[in-house]
Amino acid sequence: TGSTQPQRILKAVQNNATWGDAESVIATIDNYCRRKEWAMNVGDDKGPILDSVVSEVSPKVALELGTYCGYSTIRIARLLSPGSCLITLEFNPDCAIIARQIIAWAGLQDRVQLLEGPSKDLIPQMKESFRVKSFDFVFLDHWKEYYLPDTKLLEECGLLRKGTVLLADNVICPGTPKYLEYVRNSPRYESCYFKSHLEYTKVEDGLEKSVFLG
Ligand SMILES: Cc1ncnc2c1ncn2[C@@H]1O[C@H](/C=C/CNC(=O)c2cc(-c3ccc(F)cc3)cc(O)c2O)C[C@H]1O
Ligand SMILES: [Mg+2]
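Per-chain numbering applies: the sequence of each chain, read as written, is numbered from 1 onward. As a convention, the first chain written is A and the first ligand written is 1, with the rest following in written order. In view of the model being predicted, local features appear only for residues whose pLDDT reaches at least 70, and side-chain atom pairs are presented and counted only at 80 or more, with totals across whole chains, interfaces and linings using the full set of residues. Water and hydrogen atoms were dropped before computing side-chain values, which therefore reflect all heavy atoms in the structure.

A. Focus on the sheet that holds strand β3 (residues 112-116). Pairing between two strands requires that DSSP report at least two bridges joining them. The numbering of helices and of strands both runs from the N terminus, where a helix is a DSSP run of H or I of at least 4 residues and a strand a run of E of at least 2. Strand order in the open sheet made by the seven strands is β3-β2-β1-β4-β5-β7-β6, with mixed pairing throughout. Every other strand in the sheet has two partners, leaving β3 and β6 (189-197) as the edge strands with one partner each. On average, each strand axis in the sheet is inclined to that of its neighbour by 15 degrees, with strand direction left out of account. Pairing between strand β4 (residues 135-140) and strand β5 (residues 160-168): five bridges, direction parallel. Across the sheet, the residue bridging to L140 is A168, located in β5. Lying over the sheet, helix α5 (residues 93-105) contacts β2 (85-90) and β3, oriented at roughly 170 degrees with respect to β3. In this analysis an axis means a line fitted to C-alpha atoms, helices contributing only their contacting stretch, and an angle means the value between N-to-C directions, from 0 to 180 degrees. Should any heavy atoms of two residues lie within 4.5 Å, those residues are counted as being in contact.

Spelled out as structure tokens, the structure:
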């Protein structure tokens, strides 16, 4: 039986990246996915936009929906100030086990809490079980049809506060029409679109930044 894509990405990191060096892990994954095997990482075109929004918000408590191999987890966590934390949700155990190793290779395991399970089960546990008051920043990059229901769930659970920034990947490709319609038309959000490209391609894609107004 062959290897999985996450296993191959981990091997590339172990063979090419410097232990404890997040930048080298990011560069290794981008090189591997651009030259050898496309993978659904936010990538090196949209990545700097993610970086700039995270740096602007400088969140104390951040949430990521959809870890996959941990590429965007590392992009976000490397920018967090000490004492801040990123909670990332992943329901596929095979992805989770790989992501934990890639996050550790980058030396960021102390700032990241990877929780295994579906977002709809984990989000309602955030206050009681994970002692989260509210999130300062949320990165949405999981199955696209879950962006809208999970945003509504975050609202209902009181996990968004005045000024919380939501940043959504893939609003053009594959596309998240119901989510876009919601955040662009709801009076409770101030939204803007950052045009870019689908990772490792020339296809248009972009990130939607939406500030919750309370
Ligand atoms: C509900 C829920 N809870 C927890 N983890 C969840 C979850 N839904 C997915 N996940 C986890 O996130 C990851 C899934 C991410 C889904 N992302 C995608 O489907 C995705 C797809 C593309 C894409 C674009 C053009 C093409 F031609 C083909 C693909 C590009 C991207 O950047 C993507 O994020 C892995 C999965 O186990
Ligand atoms: Mg994506």
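B. View of the side chain of K209. Position of K209 relative to the elements: it lies in strand β7 (residues 204-212). By the criterion applied in these results, polar contacts are pairs of N or O atoms within 3.5 Å in which, for protein atoms, one can donate a hydrogen and the other can accept it, and in which residues neighboring in sequence qualify only through two side-chain atoms. A polar side-chain atom of K209 sits 2.9 Å from a polar atom in the side chain of E56. In contact with K209, not counting residues within four places along its chain, are V53, E56, V165, L166, L167, E190, S191, C192 and F194.

C. Summary view of the coordination of the magnesium ion (ligand 2). Metal sites are built from N, O and S donor atoms within 2.8 Å, or 3.2 Å for Na, K and Ca, and they leave out water, so they may look incomplete. Surrounding the magnesium ion (ligand 2) are the protein donor atoms D141 (OD), D169 (OD) and N170 (OD1), which sit 2.0 to 2.3 Å from the metal. Look at where the donors of the magnesium ion (ligand 2) fall in the sequence and you get D-x27-D-N. We note that D169, like N170, is buried. Type-normalised accessible area, obtained with a 1.4 Å probe on protein chains alone, sets the label of each residue: buried when under 20%, exposed when over 50%, and partly exposed for intermediate values.

D. Up close: the packing of aromatic side chains. Only centres within 6.5 Å qualify two rings of Phe, Tyr or Trp (six-membered ring in Trp) as a pair; their planes then separate them into stacked at under 30 degrees, edge-to-face at over 60, and tilted for everything else. Tallying each qualifying case throughout the model produces five aromatic pairs. Linked through ring pairs, Y182, Y189 and F212 together constitute an aromatic cluster. In this analysis the charged atom, NZ for Lys or CZ for Arg, is taken to sit over a ring once it is within 6 Å of the ring centre and within 35 degrees of the ring normal. Here the basic side chain of K152 rests over the ring of Y182, its NZ or CZ set 5.2 Å away from the ring centre.

E. Representation of the pairing of β5 in the model. A clockwise path from the first strand over the helix to the second, with the strands pointing away from the viewer, defines a right-handed crossover. The handedness of the β4 to β5 crossover, carried by helix α7 (residues 147-156), is right-handed. In this structure, β5 lies alongside β7, joined through four bridges in antiparallel fashion. Note that in β7 the partner of L166 across the bridge is S210.

F. Structural context of helix α1 (residues 5-16). Here the expected length of a helix is defined as 1.5 Å per residue gap, with one fewer gap than residues. With twelve residues, α1 extends 16 Å from end C-alpha to end C-alpha; this agrees with the ideal 16 Å at 1.5 Å per step. By the burial criterion, the buried members of α1 are Q5, P6, I9, L10, A12 and V13. Projected down its long axis, α1 shows its buried positions confined to an angular sector of 155 degrees, all on one face. Along α1, exposed side chains directed more than 90 degrees from the buried face belong to K11 and N15. Against the buried residues of α1 lie α2 (22-35) and α5. By arc we mean the arc of the directions from the helix axis to the C-beta atoms, nothing more.

G. Seen up close, the site of ligand 1. Proximity criterion: a residue is near a molecule or strand once any of its heavy atoms comes within 4 Å of it. Around ligand 1, the surrounding shell holds 21 residues, and the nearest of these are E90, D141, K144, N170 and E199. D141 places a side-chain nitrogen or oxygen 2.8 Å from an oxygen atom of ligand 1. In isolation ligand 1 offers 760 Å² of accessible surface; the protein chains occlude 83% of this area. Grid points spaced at 1 Å over the protein atoms alone were grouped into cavities, where a 1.4 Å probe fits but cannot get out, and pockets, open sets with protein on both sides within 12 Å along at least five of seven lines, with lining residues defined by an atom within 4 Å of a point. Here the criterion for a molecule occupying a pocket or cavity is that more than half of its atoms lie within 2 Å of the pocket grid points. In this structure the site holding ligand 1 corresponds to the largest pocket. Elements with a minimum of two residues in the shell around ligand 1: β2 and α8 (171-175). A 1.4 Å probe and the Shrake-Rupley method give the accessible areas. Residues count as covered only by the protein chains that appear here.

H. Broad picture of the nonpolar core. Counting 43 residues, the largest nonpolar core has V25, I29, I74, I102 and F137 as its most contacted members. If you list the elements that add at least two residues to this core, you get α1, α2, α3 (43-57), α4 (71-77), α5, β3, β4 and β5. The biggest single contributor to this core is α5, with seven residues. With near-sequence residues (within four places) excluded, I102 lies in contact with I9, L10, V25, I29, C69 and I74. Think of a nonpolar core as a cluster: buried Ala, Val, Leu, Ile, Met, Phe, Trp, Tyr and Cys residues, connected wherever their side-chain atoms sit within 4.5 Å. Of all hydrophobic cores here, the second largest spans 27 residues; its members include L115, L148, L159 and L180.

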